[in-house]
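# Descriptive structure summary
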Amino acid sequence: GQLVESGGGLVQPGGSLRLSCAASGFTFSRYGMSWYRQAPGKEREWVAHITTVGGSTDYADSVKGRFTISRDNAKNTVYLQMNSLKPEDTAVYYCKAFGVVTYWGQGTQVTVSS
């Protein structure tokens, strides 16, 4: 199986980005999906989670109310809509699929700076 993230980039504080994570090689609909991030010099931290059919989501307190995780099982893709971005959101963002096996993507850089 494989996960490929996209959509990262440079954005000003207060701006928005939408990350995508495309899955292949496994039955995407049977896997819970999460987003994680890792800032320079820090450990990787969990950001958001969505269940297999998208009926339940959960967020880290640091992003609650600003980020939204969603999934399209027909497109084998999970998304992270990020609004009201702050400099402290700067990190490499990774998606993770967990089920029978765990898969990680290679990450996409998000930089929030003026």
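Here, every reference points to the structure presented above.
Residues numbered from 1 in each chain as written. Predicted model: local features only at pLDDT ≥ 70, side-chain atom pairs only at ≥ 80, totals over all residues. Heavy atoms only, no water.

## Quick look at the overall build of the protein chain
Summing up its helical and strand segments, the protein chain has zero helices and 11 strands in all. Across the protein chain, helices and strands are ordered from the amino to the carboxyl terminus as β-β-β-β-β-β-β-β-β-β-β. Its C-alpha atoms give the protein chain a radius of gyration of 13 Å, near enough to 13 Å, the size a compact globule of 114 residues would have. Its C-alpha atoms put the protein chain at 40 × 25 × 25 Å along the principal axes. Burial status across the protein chain gives 43% buried among its 114 residues. Excluding contacts between residues fewer than 6 apart, the proportion of contacts in the protein chain whose partners are at least 24 apart in sequence is 53%. By element, 47% of the accessible surface of the protein chain is carried by carbon and sulfur atoms, the whole surface being about 5,800 Å². Averaging the locations of the 11 positively and 8 negatively charged side chains of the protein chain gives two centres separated by 5 Å. (Helix = DSSP H or I, 4+ residues; strand = E, 2+ residues; numbered from the N terminus. Rg over C-alpha atoms; globule rule 2.2 N^0.38 Å. Buried < 20%, exposed > 50% of the residue type's maximum accessible area, 1.4 Å probe, protein only. Contact = heavy atoms within 4.5 Å. Areas by Shrake-Rupley, 256 points an atom, 1.4 Å probe, with all protein chains shown as cover. Lys, Arg positive; Asp, Glu negative; His and termini not counted. Charge placed at Lys NZ, Arg CZ, Asp CG, Glu CD.)

## Looking at the environment of V63
Among the structural elements, V63 can be located in the loop between strand 6 (57-59) and strand 7 (67-72). Spatially, the C-alpha atom of V63 lies 8.7 Å from that of D89, the residues being 26 residues apart in sequence. Residues within four places of V63 in sequence aside, it is in contact with R37 and V47.

## Concerning the environment of L85
Mapped onto the elements, L85 comes out in the loop between strand 8 (77-82) and strand 9 (91-98). The exposure class assigned to L85 is buried, which follows from its relative accessible area of 2%. Not counting the four nearest positions on each side in its chain, L85 is found in contact with V11, P13, G14, G15, S16, L17, R66, F67 and V112.

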